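Residue-level structural notes
Here are the chains, one letter per residue:
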Amino acid sequence: MTDRESLTSNNSRPLTGEQIRNAFIQFYADRGHKVVPSASLVPDDPTVLLTIAGMLPFKPVFLGQEARPAARATSCQKCIRTNDIENVGKTARHHTFFEMLGNFSFGDYFKKEAIQWAWELSTKIFGLDTKNLVVSVFEEDEEAELIWRDVVGVHPQRIIRMGEEDNFWSSGATGPCGPCSEIYYDFKPELGNVGIDLEDDTRFIEFYNLVFMQFNRDAQGVLIPLSNCNIDTGMGLERMAQILQGVPNNYETDLIYPLIKQVASLLNIDYQTADNRSKTSLKIIGDHSRAVVLLIADGVSSSNLGRGYILRRLIRRMVRHGRLLGIEESFLTQLGETTINLMKNSYPELLERHDLILGELSTEELRFLETLERGERLLDQIIAGGSNEITGLQAFELYDTYGFPLELTEEIAQEKNILVDIKGFDDEMKKQRQRAKDAAISIDLTVQGAIEKLASSSSETNFKGYQDLECRSSVLSILIDGQISDVASAGDNVQLILDNTPFYGESGGQRGDIGSLTGENLFVDIYNVTREKKVFIHSGIIKKGVLKVGQLITAKVDNHTRSCAKANHTATHLLQSALKLTIDSSVGQRGSLVAFDRLRFDFNSPSPVNPSQLREIETLINQWILEDHPIIVDTMPIDKALNAGALAMFGEKYGDIVRVVDVPGVSMELCGGTHVSNTSELGIFKIINEAGIASGIRRIEAVAGPSAFTYLNERDLIVKELSELFKSQPNEIVQRVIALQDEIKAIDKDFTSTKRELAFARVLSLAKDVISQGDSQFLVQRLDGIDGTSLQSAAVTLLNELGENTALIFGGIPNPSDPEKIILVAAFGSQVITQGLHAGKFISGIAKACGGGGGGRPNLAQAGGRDAKALNSVLDTAREDLRGIFS
């Protein structure tokens with residue numbers, strides 16, 4: 001395939017997304033690149049949740065941890081990013097799911113070939129006119145600039161030098177890095193070459209990025225040239241489709257537009273003539289549809305954690321925007337079917353997992369519709385509580401947890417004549433966005449990469465911790481801030497590899513041991529131990545002395561925390577057996593955590609475990625504890641273990657030889673963790689919580705052994721303190737609390753009644769201050785210290801006394817402890833309304849001047865704001881407005 005005409009039977013027809021994908025891959029395959037299939041969206045890399053870049057599958061190759069698949073490679077990698085999800089549908093080019101076309105060189109060709117081929121592909125294969133192309137280079141990369149100018153022939157004025165922030169790629173503070181060069185498409189070449197600003201996204205779009213990985217940056221920031229330079233490139237498929245298909249944004253390409261059209265057809269509307277708000281919702285649904293279908297196909301299921309949470313959030317955004325558009329019925333399975341058909345040629349696995357994909361979409365959509373109903377009920381409860389304002393935190397919880405649109409919250413609140421703290425909501429949204437940015441995951445080629453590389457070249461750690469909690473060891477490797485070192489001193493945070501260790505490395509849900517390393521004038525506090533394959537990584541802080549590679553030290557595990565972990569781990573095995581006997585034999589482990597202070601066990605179950613069953617489970621486990629069953633540990637071939645009835649953890653990978661932990665007559669599991677010698681060592685088992693965490697997945701949290709006694713002692717202390725405070729016996733505390741609650745309710749009721757009477761008296765005393773104007777009369781007054789409900793009621797009473805030709809506006813600070821919050825109330829008589837005035841609209845305009853909002857009915861409305869300093873001037877303005885209207 002050598003030219004654009006060979007890709008389509010009609011030269012005037014733009015290239016389809018599929019043709020662009022195929023053309024790119026074929027171009028580089030013809031130039032000796034191995035075609036590598038797209039990796040899963042669920043990466044092997046533990047430093048990222050999802051595949052976020054085209055180069056991620058090649059990270060181990062760039063780090064030298066794995067052999068290169070070939071000297072040259074090319075791929076079309078499916079990717080997902082959600083760190084800027086709020087821009088999806090609003091800009092022309094932001095997406096959650098996107099496809100990254102790339103060509104890679106692992107120590108083979110470098111800048112000249114990469115630049116020439118990128119230009120040839122863009123101009124010869126995709127037929128882009130050179131007058132529409134602009135390139136950028138790193139300001140210090142003269143080599144790349146000369147290739148573009150002298151070899152390729154780009155006009156010097158269309159080669160733009162950029163700074164490090166834009167055109168220098170790095171994996172982190174240290175590690176591989178290098179300059180970038182990008183190709184931009186110019187939509188307005190007629191504007192000329194003078195003053196080109198590549199930040200102008202109405203004129204330019206970057207579609208091809210070339211990274212020249214030629215340096216390694218050390219801890220001092222010094223750039224050291226690599227002996228073998230690499231090429232990492234990326235071309236956004238959606239962006240190239242926009243350019244070649246001549247559409248105004250990525251959403252209107254044939255990669256996404258068929259999905260948008262289908263949703264629009266459900267509403268009998270035309271996308272092209274729809275308003276901007278509807279277009280945004282349609283684009284969000286179209287974008288997210290591809291993301292959720294590919295995520296499910298790659299094995300992700302909805303949950304409240306990790307990848308599962310991302311999937312759930314995307315599905316719920318689709319449903320919510322469907323509701324905003326007016327779609328009341330289920331629609332995701334229809335859209336999922338279309339998405340599968342649209343992408344099946346590129347990703348055949350979608351057909352194989354067709355039923356799984358549609359089933360997950362249907363289940364999660366129905367569940368979310370129920371969640372929306374729960375959100376509506378929660379909103380009703382907030383309103384029924386008597387508050388005159390929905391706080392920003394409450395509105396945000398409705399939005400974030402229940403997917404309840406802020407607009408819907410405002411609409412319902414307005415009907416009930418209460419306020420919504422919009423500023424507070426915005427503050428909570430900013431906090432969440434900041435948390436998302438702080439937690440945004442990038443590809444880590446530094447510390448974690450250095451650990452992986454170090455582990456790959458180290459011999460297997462000899463673990464002695466099943467028998468011994470202390471042993472002599474030799475230090476094989478030291479890592480400080482991602483850098484290999486021969487020596488570390490007091491204050492350094494280090495990762496260490498030892499030849500022998502008594503420390504258990506985090507695995508199988510059990511957290512790693514803590515303890516110490518000691519030697520002559522040396523103390524290292526070990527706060528965690530992890531594993532990289534069969535190499536144990538000891539993370540610690542040197543508290544005293546100097547540590548060197550080759551030094552002999554004494555490694556010692558903290559006995560107390562190990563005892564806690566052993567008890568909680570054995571209790572986890574007993575819990576699984578008890579669940580199978582009590583709930584159903586099909587119950588199986590879906591995840592676990594064995595910590596020092598508690599255990600957590602996730603299992604499949606379609607319904608909650610009721611209190612009676614929980615008590616039965618506790619009783620059964622404590623009975624096994626009292627029966628003093630021995631724990632027998634053995635190693636054997638996996639087939640023999642499974643044939644003997646040993647349980648294997650769902651989704652776990654096992655070797656040919658496995659370790660079996662057997663509690664005869666009670667439990668037998670494949671397990672590499674640490675355990676007690678007999679059940680009586682657990683002492684006691686106590687369940688502290690049971691909850692659902694995902695569709696059909698429940699979670700039990702419990703304590704056993706030393707952590708159980710700690711838990712019970714804490715509760716006992718609390719009960720004793722409460723008994724002292726209430727002057728009651730422990731068995732009388734509940735009734736005492738109930739009696740106090742009743743007393744508080746009665747006092748609160750009396751207090752509210754008294755406040756209302758005082759408010760009535762204050763407001764009624766203002767009748768003498770009413771201003772007559774023409775046939776109408778009005779009163780605008782500031783009244784502090786009166787809550788919104790009381791102020792409304794008093795205003796209605798005064799209005800009834802003064803007559804239907806009256807307009808009343810009251811405003812004030814209801815609570816001195818919150819001096820920024822203000823309340824505004826408007827009450828208009830029927831004769832005032834016939835003059836065209838509307839209380840809700842009038843008060844809404846006033847509130848905006850105070851940094852707030854609100855509204856209500858034509859005769860009665862309430863609003864609020866957060867700018868108390870503006871209150872007096874706002875009331876003065878309202879007074880003059882009414883004077884002008886009535887005159």
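Residues numbered from 1 in each chain as written. Predicted model: local features only at pLDDT ≥ 70, side-chain atom pairs only at ≥ 80, totals over all residues. Heavy atoms only, no water.

1. A word on the sheet that holds strand β30 (residues 771-773)
- On the basis of which strands lie adjacent, the open sheet formed by six strands has the order β30-β31-β32-β33-β35-β34 and mixed pairing. Each edge of the open sheet carries a strand with a single partner, namely β30 and β34 (853-856). Averaged over all adjacent pairs, the angle separating strand axes in this sheet is 15°, with direction ignored.
- With six bridges joining them, strand β31 (residues 776-782) and strand β32 (residues 806-812) adopt parallel strand pairing. In the strand pairing of β32, phenylalanine 778 is matched with alanine 807. (Pairing = 2+ DSSP bridges. Helix = DSSP H or I, 4+ residues; strand = E, 2+ residues; numbered from the N terminus. Axes fitted to C-alpha atoms, helices over the stretch in contact; angles between N-to-C directions.)

2. A closer look at the pattern of salt bridges
- Enumeration over the complete set of coordinates arrives at 32 salt bridges.
- Notably, a salt bridge pairs arginine 217 with glutamate 164, separated by 3.3 Å at the nearest N-O pair. Residue arginine 217 is found in strand β8 (residues 204-217), and its partner glutamate 164 is found in helix α5 (residues 164-167); the two are separated by 53 residues along the sequence.
- Given a relative accessible area of 45%, glutamate 164 falls into the partly exposed group.
- Linking arginine 290 and glutamate 238 is a salt bridge whose minimum nitrogen-to-oxygen distance equals 2.9 Å. (Salt bridge = Lys/Arg side-chain N within 4 Å of Asp/Glu carboxyl O. Buried < 20%, exposed > 50% of the residue type's maximum accessible area, 1.4 Å probe, protein only.)

3. Here's the deal with the pairing of strand β4 (residues 133-138)
- The buried fraction of β4 amounts to six of the six residues, a majority that puts the element mostly inside the structure.
- With burial as the criterion, each face of β4 is covered, one bearing Leu133, Val135 and Val137 and the other bearing Val134, Ser136 and Phe138.
- Of the pairings in the sheet, the one linking β4 to strand β7 (residues 175-186) comprises five bridges and is antiparallel in character. When the sheet's bridge partners are listed, serine 136 is paired in β7 with glutamate 182.
- Relative to strand β5 (residues 159-162), β4 runs parallel, the two being bridged by four bridges. By the bridge assignment, valine 135 is partnered in β5 with isoleucine 159.
- Crossover handedness for the path β4 to helix α4 (residues 142-152) to β5: right-handed. (Right-handed = clockwise from strand over helix to strand, strands pointing away.)

4. A closer look at the pairing of β8
- For β8, the buried fraction is high: 11 of the 14 residues fall into the buried class.
- Here 10 bridges tie β7 to β8, and the two strands are oriented antiparallel to one another. In the strand pairing of β8, serine 181 is matched with leucine 210.
- Bridging between β8 and strand β9 (residues 223-236) involves nine bridges; their strand directions are antiparallel. Bridging across to β9, methionine 213 finds its partner in asparagine 230.
- Between the antiparallel neighbours β8 and β9 lie five residues, among them glycine 221 with a positive phi of about 85°.

5. Digging into a nonpolar patch on the surface
- A cluster of nonpolar residues, Ile718, Leu722 and Leu725, forms a patch on the protein surface that exposes about 280 Å² of accessible area.
- Locating leucine 722 in the fold gives a position in helix α20 (residues 706-726). (Patch = residues over 30% accessible without salt bridge, like charges linked within 9 Å, V, L, I, M, F, W, Y side chains within 5 Å. Areas by Shrake-Rupley, 256 points an atom, 1.4 Å probe, with all protein chains shown as cover.)

6. Side note on the sheet that holds strand β26 (residues 657-663)
- Pairing within the open sheet is antiparallel, and its three strands lie in the order β25-β26-β27. Strand pairing shows two members of the sheet lacking a second neighbour, β25 (632-637) and β27 (667-670), which therefore form its edges. Neighbour to neighbour, the strand axes of the sheet diverge by 25° on average, direction disregarded.
- Looking at chain direction, β26 and β27 are connected through four bridges and run antiparallel. Bridge pairing in β27 links valine 661 to glutamate 669.
- Lying over the sheet, helix α17 (residues 559-582) contacts β26 and β27, oriented at roughly 120° with respect to β27. (Contact = heavy atoms within 4.5 Å.)

7. Brief notes about the state of the cysteines
- Applying the stated criterion to the full structure yields zero disulfides.
- Here cysteine 79 stays free of any disulfide, with the sulfur of cysteine 76 as its closest cysteine sulfur at 8.5 Å.
- Exposure remark for cysteine 79: the relative accessible area of 0% places this residue in the buried category.
- Between cysteine 671, a free cysteine, and cysteine 564, which holds the nearest cysteine sulfur, the sulfur-to-sulfur gap is 17 Å.
- Residue classification places cysteine 671 among the buried residues on the basis of a relative accessible area of 12%. (Disulfide = S-S within 2.5 Å.)

8. Concerning the side chain of glutamine 214
- With respect to the element layout, glutamine 214 can be found in strand β8.
- Excluding residues that lie within four positions of it along the chain, glutamine 214 makes contacts with Phe110, Lys111, Cys177, Gly178, Pro179, Ile224, Pro225, Leu226 and Cys229.

9. So, the packing of helix α7 (residues 257-266) against helix α10 (residues 332-343)
- Interaxial distance between α7 and α10 falls to 10 Å at its minimum, and their mutual angle equals 155°. As judged from the angle between their axes, α7 and α10 are roughly antiparallel. In this structure, α7 meets α10 at a crossing whose hand is right-handed. Residue-level inspection shows Pro258, Leu259, Gln262, Val263 and Leu266 of α7 in contact with α10, the latter providing Gln334, Leu335, Thr338, Thr339 and Leu342.
- Grouping the amino acids of the contact of α7 with α10 by side-chain chemistry returns six nonpolar, four polar and no charged. (Parallel < 35°, antiparallel > 145°, perpendicular 65-115°, else oblique. Left-handed = near helix turned anticlockwise from the far one by under 90°. Nonpolar A, V, L, I, M, F, W, Y, C, P; charged D, E, K, R; others polar.)

10. Examining the packing of aromatic side chains
- A full pass over the atoms with the stated rule returns 20 aromatic pairs.
- An aromatic cluster is built from Phe24, Phe27, Tyr28, Tyr109, Trp117 and Tyr208, whose rings are joined through pairwise contacts.
- One Lys or Arg, arginine 531, reaches over the ring of tyrosine 504 and ends 4.8 Å from the middle of that ring.
- A cation sits over an aromatic face here: arginine 659 above tyrosine 466, 3.7 Å from the ring centre. (Phe/Tyr/Trp six-rings, centres within 6.5 Å; stacked < 30°, edge-to-face > 60°. Lys NZ or Arg CZ within 6 Å of the ring centre and 35° of its normal.)

11. Quick look at unusual backbone geometry
- Unlike most non-glycine residues, aspartate 628 shows phi in positive territory, near 55°.
- Considering the arrangement of structural elements, one finds aspartate 628 in the loop between α18 (611-626) and β25.
- In this model, lysine 727 sits at a positive phi of 55°, which is unusual for a non-glycine residue.
- As for its position among the elements, lysine 727 is in the loop between α20 and α21 (733-764).
- On the basis of relative accessible area, lysine 727 is assigned to the exposed category, the value being 66%.

12. Some thoughts on the confidence of the model for the protein chain
- Per-residue confidence for the protein chain gives a mean pLDDT of 87; residues scoring 70 or more make up 94%.
- Under a pLDDT of 50 for its full length, residues 1-13 has, in the predicted model, 25 contacts with residues more than four places off or in other chains.
- Contacts from residues 439-444, a stretch scored under 50 in pLDDT, to residues over four places away or in other chains number 16 contacts. (pLDDT = per-residue confidence, 0-100.)

13. Description of the environment of threonine 91
- Among the structural elements, threonine 91 can be located in the loop between β2 (72-80) and β3 (97-106).
- Exposure remark for threonine 91: the relative accessible area of 27% places this residue in the partly exposed category.
- Here the alpha-carbon distance between threonine 91 and asparagine 249, two residues 158 residues apart in the chain, equals 8.2 Å.

14. A closer look at the environment of valine 763
- With respect to the element layout, valine 763 can be found in helix α21.
- Overall, the relative accessible area of 0% leaves valine 763 in the buried class.
- Considering only alpha carbons, one finds valine 763 and alanine 795, 32 residues apart in sequence, at a separation of 7.1 Å.

15. Structural notes on the nonpolar core
- Membership of the largest hydrophobic core comes to 107 residues, with the highest contact counts inside it found for Phe126, Trp148, Phe207 and Tyr208.
- With residues up to four places along the chain from it excluded, the contact list for phenylalanine 207 reads Ser122, Leu128, Leu133, Ile183, Tyr184, Tyr185, Gly234, Met235, Gly236, Arg239, Met240 and Ile243.
- Counting 47 residues, the second largest nonpolar core, distinct from the first, contains Leu779, Leu791, Leu799 and Ala847. (Core = buried A, V, L, I, M, F, W, Y, C linked by side-chain atoms within 4.5 Å.)

16. Regarding the side chain of serine 485
- Tracing the backbone through its elements, the reader meets serine 485 in strand β14 (residues 483-485).
- At 2.7 Å, the side chain of serine 485 forms a polar contact with the backbone oxygen of valine 487.
- Non-local contacts of serine 485, meaning those with residues more than four positions away in its chain, are made with Ile478, Ile480 and Val549. (Polar contact = N/O pair within 3.5 Å; in protein donor to acceptor, adjacent residues only side chain to side chain.)

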